[in-house]
Number of protein chains: 2
Amino acid sequence: MISKSMTQLVQGNSVIRALFEEGKEMAREVGAENVYDFSLGNPSVPAPEAVRTSMKRILDGDNSLYVHGYMSNAGYEEVREAVAASLNKRFGTCFDWTGILMTVGAAGGLNVVLRTILDPGDEVICFAPFFGEYTNYVHNYQGNLVVIPPNPPTFQPNVEMLAERITERTKALILNNPNNPTGVVYSAETLDKLQAILEEAEKRIGHSIYVISDEPYRELVYDGVKVPFMTKHIRNCIIGYSFSKSLSLPGERIGYLAVPKEVDDYQGLVEGLTIANRVLGFVNAPSLQQLMIKECLNEQTDVAAYDKNRKFLYKSLSDMGFDCVKPEGAFYLFVKSPVADEKVFVTEAKKHHLLLVPASTFGCPGYVRIAYCVSYEMIERSLPAFRALAGTYFD
Amino acid sequence: MISKSMTQLVQGNSVIRALFEEGKEMAREVGAENVYDFSLGNPSVPAPEAVRTSMKRILDGDNSLYVHGYMSNAGYEEVREAVAASLNKRFGTCFDWTGILMTVGAAGGLNVVLRTILDPGDEVICFAPFFGEYTNYVHNYQGNLVVIPPNPPTFQPNVEMLAERITERTKALILNNPNNPTGVVYSAETLDKLQAILEEAEKRIGHSIYVISDEPYRELVYDGVKVPFMTKHIRNCIIGYSFSKSLSLPGERIGYLAVPKEVDDYQGLVEGLTIANRVLGFVNAPSLQQLMIKECLNEQTDVAAYDKNRKFLYKSLSDMGFDCVKPEGAFYLFVKSPVADEKVFVTEAKKHHLLLVPASTFGCPGYVRIAYCVSYEMIERSLPAFRALAGTYFD
């Protein structure tokens, strides 16, 4: 008696989440220390100490009605002002506080944008590989996701194929930079090319195409790589940000949307987003988390810990014979499956208690994603298992 | 460039929220102490002290990765177990922890249920007057809300009209008990009648009708009134609960869905709800709030403060000549407009800086809602304004 669309979803339930549950089950059987779970993007670095002290200070402030009460659906004005000011200072942008909408993480923010701009049958484009949940987010509002095939070995978005995929039903393009699952950072050149194609297409189809920039990994980059700031390259860009990874708070569900004043129909868009935040049942981003964020905007996670994992895992697996994409950002290693069907490879890995995610779920069959947001020590312990797995395929 | 459906929403934006913003504007002009804002259901009683101490203790527990990390999309198992145990102890029910899903408030929970059961064109029934957001929640998933007219002066649901409104597209019925905006508590007799009609109808149309019981006001009742526990009267019932009112935490967005094992397709439903929680972008209910709730399930808000407001306002307005429904629960007073078009009355009230909500937004024209979750002292100060307003209509 659940809906037809949900029945399909139940049948093809998220491979990542299923692995997460499978890992918990496996841990009960063979002991947690013998399971090498690389499936989930759950930060392994604790939240900065300032997060704790800030929350405690706010709780002690004796203004319970303000701290836990309703505010405008877009969030506390003081928080939105602080976010705008911080972005403007760091990136030389001109966000107005009215263009900042506090959201229930980036996943919440993306749903809010799609609820605001999609009518049934509208199309949203994305570049493979992509975070598989985009399909569900677009389907929530009866939209269709149009996927542009992956572009190995660089995995820069295949912008050459973009123009031909844009139709009159195209309402948006989702970008994810740094990219989950590849760890690749899209270059400024790629983005400028993309903007030129969009501008041309908008003239042709006679309406705007919003670029939704999903950037929870913006602060997680290595080797001094700079992530181009999206709104400086793309005009009709809405930023969806989350503190899940940058402050290690994925369970708290706190993030924001940032809309620059230059986008088409700024007023209508901002008002629509605020209403969507309410009618989808978020109502507002969690209030205590909002107030904490205001005080912790300059806090940083321990990127060095992820970097250490990245280098270690990349070198170890490459040395074993695996073909790995060297990640510049995020905390995922993208590895080519030694056999054509990567699901066979994933099943083989499970025999060694290695939990990897098949990249079919990211629209990129033939690869797997290894989330290295785990303890360094678990990577060390997992190497014999990876070596045994490599032995199955390589001499 | 926002969608057609959102354009309509922007044009007819929530009257309640608009009033909230209007009140803030008015306060800037004439001073906050001269504006009598009765528009929003924002608790005026601070959260219990245990909420603060519990959160601080959890934050000090030095397990940041657990406290702020991802857990199963349905919530922490320990929290779900505690909620089930608490319900079973208080109401003699048999909830299993697998039937408890932690949600981003009741608004989030209702959206999760509707995303799970609705296909485009499906129908959801509700009884007027009803919380106006239900219309938006149902439209989010391309469903249609079928409204059964109000039943004055008792405002018990008009169950006699239910059978004829049920069609093959009927998937659910939303109940809100105690009711917003009337403050009326639906009786056990009414609910039993309702169940009989539903059972009959389910046979006729050949599929289940889920009753979504929206009960954020369950603990807010007066004069010793008992709210019938829904699942004891309605078989296919899903409870949507929120701690927004009972613990004064509306900004924190924490609540749960409770599904009894007796409902049709329990397994499919629970799995669908968990997936819906994820794909709508909630992902999970805020983690720190979940853990706090586990410790504060037996905490209560200061109902006596609301009761004092209720009695004072009801008596004062009745004495002035207003025709009021005596509320048994929630924190709203439902008042008949002295003129047929209550919007005219609301506009007149604004001249006295009284912010009331026209009940057209609740599907019940000719009435207004007065939220008395305000300070007693504000009610005292507002009486001359109400008296002047009464003078416009009564001798």
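Definitions and cut-offs
- Residues numbered from 1 in each chain as written.
- Chains lettered and ligands numbered in written order.
- Predicted model: local features only at pLDDT ≥ 70, side-chain atom pairs only at ≥ 80, totals over all residues.
- Heavy atoms only, no water.
- UniProt positions renumbered as here; feature names shortened; annotations may be inferred.
- Helix = DSSP H or I, 4+ residues; strand = E, 2+ residues; numbered from the N terminus.
- Buried < 20%, exposed > 50% of the residue type's maximum accessible area, 1.4 Å probe, protein only.
- Contact = heavy atoms within 4.5 Å.
- Lys, Arg positive; Asp, Glu negative; His and termini not counted.
- Charge placed at Lys NZ, Arg CZ, Asp CG, Glu CD.
- Buried area = accessible area lost by both parts, 1.4 Å probe.
- Salt bridge = Lys/Arg side-chain N within 4 Å of Asp/Glu carboxyl O.
- Polar contact = N/O pair within 3.5 Å; in protein donor to acceptor, adjacent residues only side chain to side chain.
- Nonpolar A, V, L, I, M, F, W, Y, C, P; charged D, E, K, R; others polar.
- Pairing = 2+ DSSP bridges.
- Axes fitted to C-alpha atoms, helices over the stretch in contact; angles between N-to-C directions.
- Arc of directions from axis to C-beta.
- Least-squares fit on C-alpha atoms with pLDDT ≥ 70 in both.
- Core = buried A, V, L, I, M, F, W, Y, C linked by side-chain atoms within 4.5 Å.
- Phe/Tyr/Trp six-rings, centres within 6.5 Å; stacked < 30°, edge-to-face > 60°.
- Domains from an automatic or database assignment.
- Left-handed = near helix turned anticlockwise from the far one by under 90°.

Chain A goes by Aminotransferase in an unreviewed UniProt entry, where it is assigned to Frisingicoccus caecimuris. A UniProt comment under Sequence similarities (unreviewed entry) is attached to chain A, and it reads "Belongs to the class-I pyridoxal-phosphate-dependent aminotransferase family." Looking at chain A in UniProt, the text filed under Cofactor (unreviewed entry) is "pyridoxal 5'-phosphate".

J.: Explain the overall build of chain A here, please?
T.: Counting its secondary structure elements, chain A contains 14 helices and 13 strands. When the backbone C-alpha atoms are referred to their principal axes, chain A occupies close to 60 × 55 × 50 Å. With 395 residues in all, chain A has 64% of them scored as buried. The long-range fraction of contacts in chain A, counting pairs at least 24 apart against all pairs at least 6 apart in sequence, stands at 74%. Taking the average place of the 38 positive charges on the side chains of chain A and the average place of its 47 negative ones, the gap between the two points comes to 1 Å.

J.: I would appreciate a short explanation of the interface of chain B and chain A in the present structure.
T.: Often the size quoted for an interface is simply the accessible area lost on bringing the parts together. Each partner contributes residues to the interface: chain B has 85 residues there, and chain A has 85 residues. Note on chain B versus chain A: buried area summed over both sides is about 7,000 Å², and carbon and sulfur give 52% of it. On the surface where chain B and chain A come into contact, there are 6 salt bridges. Here Glu77(B) and Lys24(A) are joined by a salt bridge, their closest N and O atoms 3.9 Å apart. Where chain B touches chain A, the interface holds 46 residue pairs in polar contact (both at pLDDT 80 or more). Taken together, the elements giving at least two residues each to the side of chain B that touches chain A come down to helix H1 (4–11), helix H2 (15–30), helix H3 (49–60), helix H4 (64–68), helix H6 (105–117), helix H7 (133–140), helix H10 (266–279) and helix H11 (287–296) of chain B. The dominant element in the side of chain B that touches chain A, judged by the number of residues it contributes, is H10(B), at 8 residues. The class makeup of the residues in the side of chain B that touches chain A is 37 nonpolar, 29 polar and 19 charged.

J.: Please explain the sheet that holds strand S6 (residues 210–214) of chain A as it appears in this structure.
T.: Backbone-to-backbone hydrogen bonds join strands into a sheet, with any given pair of strands oriented parallel or antiparallel. Residue and element names in this part refer to chain A. A sheet is described by the order of its strands in space; here 7 strands give the open sequence S2-S8-S7-S6-S5-S3-S4, paired in mixed fashion. Of all the strands in the sheet, just strand S2 (100–103) and strand S4 (144–148) have a single pairing partner and so form its edges. For this sheet the average axis-to-axis angle between neighbouring strands, irrespective of direction, equals 20°. Two strands pair when backbone bridges link them, and strand S7 (residues 237–242) and strand S8 (residues 255–258) are joined in this way by 4 bridges, in the antiparallel orientation. Each bridged residue has a counterpart across the sheet, and for serine 242 the counterpart in S8 is glycine 255.

J.: How should helix H1 (residues 4–11) of chain A be read in this particular structure?
T.: Note: α-helices contain 3.6 residues per turn, so residues at a spacing of three or four share the same orientation. Of the positions making up H1(A), those classed as buried are Met6(A), Leu9(A) and Val10(A). Mapping the buried residues of H1(A) onto a view down its axis gives an arc of 100°, with all of them on the same face. In H1(A), the exposed positions angled more than 90 degrees off the buried face are occupied by Lys4(A), Gln8(A) and Gln11(A). Buried residues along H1(A) sit against helix H7 (133–140) of chain A together with H6 and H10 of chain B.

J.: How do you make sense of the side chain of Ser3(B) when you look at a structure like this?
T.: Note that Ser3(B) resides in the segment before H1. Of note is the side chain of Ser3(B), whose polar atom sits 3.1 Å from the backbone nitrogen of Met6(B). Setting aside its immediate chain neighbours within four residues, Ser3(B) contacts Arg115(A), Thr116(A), Ile117(A), Leu118(A) and Asp119(A).

J.: What is the right way to look at the environment of Ala359(B) in this model?
T.: All names here are of chain B. Inspection of the secondary structure puts alanine 359 in the loop between strand S12 (357–358) and strand S13 (367–371). Alanine 359 gets classed as buried once you look at its relative accessible area, which sits at 0%. Sequence separation of alanine 359 and tyrosine 141 is 218 residues, and the distance between their C-alpha atoms is 25 Å. Other than its neighbours up to four places away in sequence, alanine 359 contacts Phe334, Glu342, Cys364, Pro365, Tyr367 and Val368.

J.: Explain the UniProt feature "domain: Aminotransferase class I/classII large" (unreviewed entry) in chain A here, please?
T.: UniProt marks residues 34–382 of chain A with the feature "domain: Aminotransferase class I/classII large" (unreviewed entry), using the numbering shown here. With 38% helix and 16% strand, residues 34–382 of chain A has end C-alpha atoms that lie 8 Å from one another.

J.: Would you take a moment to explain the sheet that holds strand S7 (residues 237–242) of chain B for this structure?
T.: Residues and elements named next belong to chain B. Spatially, S2-S8-S7-S6-S5-S3-S4 is the arrangement adopted by the 7 strands of the open sheet, whose pairing is mixed. Edge strands, defined here as strands with exactly one partner in the open sheet, are strand S2 (100–103) and strand S4 (144–148). In this sheet, neighbouring strand axes are inclined to one another by 20° on average, regardless of whether the strands run parallel or antiparallel. In the sheet, S2 pairs with strand S8 (residues 255–258) via 4 bridges, with the strands oriented antiparallel.

J.: Is there a simple way to think about the pairing of strand S10 (residues 332–336) of chain B in this case?
T.: In summary, the side chains of a regular strand alternate between the two faces of the sheet. Residue and element names in this part refer to chain B. Where burial is concerned, most of S10 is hidden: 4 out of the 5 residues are buried. In this structure, strand S9 (residues 323–325) lies alongside S10, joined through 3 bridges in antiparallel fashion. Paired with aspartate 323 across the bridge in S10 is lysine 336. Joining the antiparallel neighbours S9 and S10 is a turn of 6 residues, in which alanine 330 adopts a positive phi near 60°. Of the strand pairs in this sheet, S10 and S13 are connected by 5 bridges, and their pairing is antiparallel. Directly across from lysine 336, in S13, lies its bridge partner tyrosine 367.

J.: Whenever I open this one, the relation of the copies chain B and chain A confuses me. Can you help?
T.: In this structure, two copies of a chain are linked by a rotation about an axis accompanied by a shift along it. For the pair chain B and chain A, the superposition axis carries a translation of 0.0 Å, the fit reaches an RMSD of 0.0 Å, and the rotation angle comes to 180°. The superposition of one copy onto the other is thereby described by a two-fold rotation axis. Distance from the rotation axis, computed per C-alpha, reaches its smallest value in chain B at Lys56(B): 3.0 Å. Taken together, the interface assignments show that 100% of the residues at the interface of chain B recur at the interface of chain A, consistent with an identical surface on both copies.

J.: Just checking my understanding: could you explain the nonpolar core for this structure?
T.: Taken as a class, soluble globular proteins show a tendency for nonpolar side chains to be buried jointly. Core analysis: the biggest nonpolar cluster contains 224 residues, and Leu162(A) and Leu162(B) have the highest contact counts within it. Apart from the residues lying within four places of it in its own chain, the contact partners of Leu162(B) are Ile125(B), Phe127(B), Ile148(B), Leu173(B), Leu194(B), Ile197(B) and Leu198(B).

J.: How should I be thinking about the packing of aromatic side chains in this particular structure?
T.: The geometry of two aromatic rings is summed up by the distance between their centres and the angle between their planes. Residue and element names in this part refer to chain B. Summed over all chains, the structure comprises 43 aromatic pairs over all chains. Considering the side-chain rings of phenylalanine 155 and phenylalanine 334, the 5.4 Å spacing of their centres and the 90° angle between planes classify their relative orientation as edge-to-face. Here phenylalanine 334 lies in strand S10 and phenylalanine 155 lies in the loop between S4 and helix H8 (162–165), a separation of 179 residues in the sequence. Residue classification places phenylalanine 155 among the buried positions, given a relative accessible area of 4%.

J.: Quick question: what am I supposed to make of the domain arrangement of chain A here?
T.: Residue and element names in this part refer to chain A. Under the domain assignment, chain A is made up of domain 1 (4–47 + 302–393) and domain 2 (66–296). Spacing between the C-alpha centres of domain 1 and domain 2 amounts to 27 Å. At the interface, 27 residues of domain 1 touch 30 residues of domain 2. For the pair domain 1 and domain 2, the summed buried surface comes to about 2,200 Å²; carbon and sulfur atoms form 62% of the total. Contact with domain 2 buries surface across domain 1, with Glu328, Ala330 and Phe362 losing the most and accounting together for 26% of the total. Between domain 1 and domain 2 we count 1 salt bridge in total. Between aspartate 223 and arginine 310 there is a salt bridge, and its shortest N-O distance comes to 3.0 Å.

J.: Would you take a moment to explain the packing of helix H5 (residues 77–91) of chain A against helix H11 (residues 287–296) of chain A for this structure?
T.: Two quantities define a packed helix pair, namely the angle between the helix axes and the distance between the axes. Residues and elements named next belong to chain A. In the contact formed by H5 and H11, the axes pass within 9 Å of each other and the chain directions differ by 35°. Taken as a pair, H5 and H11 cross one another with a handedness that is left-handed. Facing H5, whose interface residues are Glu78, Val79 and Ala82, H11 presents Gln290, Leu291 and Lys294. For the contact of H5 with H11, the residue count by class is 3 nonpolar, 1 polar and 2 charged.

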